[in-house]
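# Close look at the chain arrangement
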Amino acid sequence: QVQLVESGGGLVQAGGSLRLSCAASGRFFGINDMGWYRQAPGEQRELVARLTTSGFTNYAESVKGRFTISRDNAKNTVYLQMNSLKPEDTAVYYCAAEVWTTAWARNDYWGQGTQVTVSS
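Note that the structure is predicted; figures quoted are calculated from it, not measured.

### Regarding the packing of aromatic side chains
Counted according to the given criterion, the structure contains one aromatic pair. Directly above the ring of Y94 sits R45, whose terminal nitrogen or CZ lies 3.7 Å from the centroid. Over the aromatic face of W110 sits the side chain of R45, whose NZ or CZ is 4.7 Å from the ring centroid.

What follows is the structure in structure tokens.
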């Protein structure tokens, strides 16, 4: 069973910074893409940032220049550094990963979510 465990959320004032972490654990062969999504109340879940194993990144337009995604493959961990936070960044942030559970099968997994609240 694969688990993604997030940490690092919390309450911060506008203009502040937070760093989210997400570590994958369990039995698996490898991890492809890893990323972060968020969902605000009454809104659909949206992509924040995604990072492939080859290092390609893509970001939501609303976070470009403020957020940075990175990963430590040795630790099976992905990070999201969030700077210059705005109240509109308030949401539950979810980690996602495409995991090779066997040599020939891969599945998508999600973390439980971590709340980020930015006060004005």
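### Details of the nonpolar core
By size, the foremost hydrophobic cluster in this structure holds 30 residues, and its most contacted members are W36, V48, F67, L80, M82 and Y93. Among the elements that line this core, the one with the most residues is strand 9 (residues 91-100), at five residues.

### As for the pairing of strand 9
Most of strand 9 is tucked away, with eight of its ten residues classed as buried. Examined bridge by bridge, strand 4 (residues 30-39) and strand 9 share eight bridges and lie antiparallel to one another. Opposite M34, over in strand 9, you have A97 as the bridge partner. Bridge analysis of strand 9 against strand 11 (residues 114-119) gives three bridges, and the strand direction is antiparallel. Across the sheet, residue Y93 finds its bridge partner in strand 11, namely T114. Inspection of the sheet shows strand 9 paired to strand 10 (residues 106-110) by five bridges, in the antiparallel sense. The residue of strand 10 that forms the bridge with V99 is N107.

### Quick notes on unusual backbone geometry
With phi around 50°, N76 is a residue other than glycine that occupies positive phi space. Among the secondary structure elements, N76 is positioned in the loop between strand 7 (67-72) and strand 8 (77-82). Taking relative accessible area as the criterion, N76 reaches 24% and is therefore assigned partly exposed. Residue S84 is not a glycine yet carries a positive backbone phi of 50°. Tracing the backbone shows S84 in the loop between strand 8 and strand 9.

### Let's talk about the sheet that holds strand 7
Spatially, four strands are ordered 1-3-8-7 in an open sheet, and the strand pairing comes out antiparallel. In this open sheet, the two edge strands, each paired with only one partner strand, are strand 1 (3-7) and strand 7. With direction set aside, neighbouring strand axes in the sheet form an average angle of 15°. Pairing of strand 7 with strand 8, which is carried by six bridges, proceeds in the antiparallel orientation. The residue of strand 8 that forms the bridge with T68 is Q81.

Analysis parameters
Residues numbered from 1 in each chain as written. Predicted model: local features only at pLDDT ≥ 70, side-chain atom pairs only at ≥ 80, totals over all residues. Heavy atoms only, no water. Phe/Tyr/Trp six-rings, centres within 6.5 Å; stacked < 30°, edge-to-face > 60°. Lys NZ or Arg CZ within 6 Å of the ring centre and 35° of its normal. Core = buried A, V, L, I, M, F, W, Y, C linked by side-chain atoms within 4.5 Å. Buried < 20%, exposed > 50% of the residue type's maximum accessible area, 1.4 Å probe, protein only. Helix = DSSP H or I, 4+ residues; strand = E, 2+ residues; numbered from the N terminus. Pairing = 2+ DSSP bridges. Axes fitted to C-alpha atoms, helices over the stretch in contact; angles between N-to-C directions.

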